[in-house]
Structures are given as structure tokens and as C-alpha cells.
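Fold and contact review
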Amino acid sequence: ELLSRRGWSHSAELRARPNAGGVTAGIGTEYNLLPSFVLRGGYRSSMGAGGLPGSPTAGLGMGCGIRIKRATFDYAMTPQGELGRAQRVSISTRF
């Protein structure tokens, strides 16, 4: 986490994958809209073999999360290269 301000969290990563033949860079942000609701957005770019095809917006991802008592519900839509976009839903609980 690079920077946290009231309601905001930001992060960045650089990942080298020697066996896959490339480097991936990503940035993301998260905003706590309400105490139990979070909006997320980010961008991932691939440099080298196996990069993301298409327009510059091909690396955009987004998501949101809702926390109700001990349960958390998360949704994300992320790019998956030639496969298009993946939509992921997760439900977790703390005990």
C-alpha cells in the first residue's frame, strides 16, 4: 500500500515472470464509500510476450465489496487477455 488517506487506499506492483516471458505492472485504488461498502479500480499492463491484446483500456479492472457483520461479499471484473474479461464473486466470513 503506497498511500492511504481518509477513505482511500492505493497500491502498485511490478511482477517479473521469467518463465512466461514478460513483466506485468499494475496500479490500483480503493475507496470506502460507506463503512460497509468499498469501490475498487485498477489498471494492469503487460510488457513482453503474452501481453494484453486490444486497446489501452484492455487492462482496466473494477470491483466492489460489501461487509455485513462478519460476512464479506466481493465482486471483480478483470481482463484475462485473449479470453476477454473475467467476472469473479467471492463470499467470505470471519470467525
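In this report, we go over the structure that sits alongside the text. Please read all numbers here as calculations on a predicted model, not as lab measurements.

Phi is positive for lysine 69, which is not a glycine, with a value near 55°. Structurally, lysine 69 is set in the loop between strand E5 (60-68) and strand E6 (71-79).

Turning our eyes to something else, we now look at a nonpolar patch on the surface. Together, Ile66, Ile68, Phe73, Val89 and Ile91 line one region of the surface with nonpolar side chains, adding up to about 490 Å² of accessible area. Elements supplying a minimum of two residues to the nonpolar patch: E5 and strand E7 (85-93). Overall, the relative accessible area of 34% leaves isoleucine 66 in the partly exposed class.

A word on the packing of aromatic side chains. Counting across every chain of the model gives 1 aromatic pair. Seen from their ring centres, tryptophan 8 and tyrosine 31 are 4.6 Å apart, and the 40° between their planes marks the pair as tilted. Of this pair, tryptophan 8 sits in strand E2 (residues 8-17) while tyrosine 31 sits in strand E3 (residues 22-34), and the two are 23 residues apart along the sequence. According to the relative accessible area criterion, tyrosine 31 is partly exposed, its value standing at 28%.

On to the environment of arginine 40. Along the chain, arginine 40 falls in strand E4 (residues 37-48). Measuring from C-alpha to C-alpha, the distance between arginine 40 and glycine 28 comes to 7.4 Å, with 12 residues separating the pair along the chain. Beyond its immediate stretch of four places on either side in the chain, arginine 40 contacts Thr29, Glu30, Met62, Gly63, Cys64, Gly65 and Asp74. Polar contacts involving the side chain of arginine 40 include one to the main-chain carbonyl oxygen of cysteine 64, which spans 3.3 Å.

Conventions used here
- Residues numbered from 1 in each chain as written.
- Predicted model: local features only at pLDDT ≥ 70, side-chain atom pairs only at ≥ 80, totals over all residues.
- Heavy atoms only, no water.
- Helix = DSSP H or I, 4+ residues; strand = E, 2+ residues; numbered from the N terminus.
- Patch = residues over 30% accessible without salt bridge, like charges linked within 9 Å, V, L, I, M, F, W, Y side chains within 5 Å.
- Areas by Shrake-Rupley, 256 points an atom, 1.4 Å probe, with all protein chains shown as cover.
- Salt bridge = Lys/Arg side-chain N within 4 Å of Asp/Glu carboxyl O.
- Buried < 20%, exposed > 50% of the residue type's maximum accessible area, 1.4 Å probe, protein only.
- Phe/Tyr/Trp six-rings, centres within 6.5 Å; stacked < 30°, edge-to-face > 60°.
- Contact = heavy atoms within 4.5 Å.
- Polar contact = N/O pair within 3.5 Å; in protein donor to acceptor, adjacent residues only side chain to side chain.

Interpretation in functional terms is not warranted from these geometric data alone.
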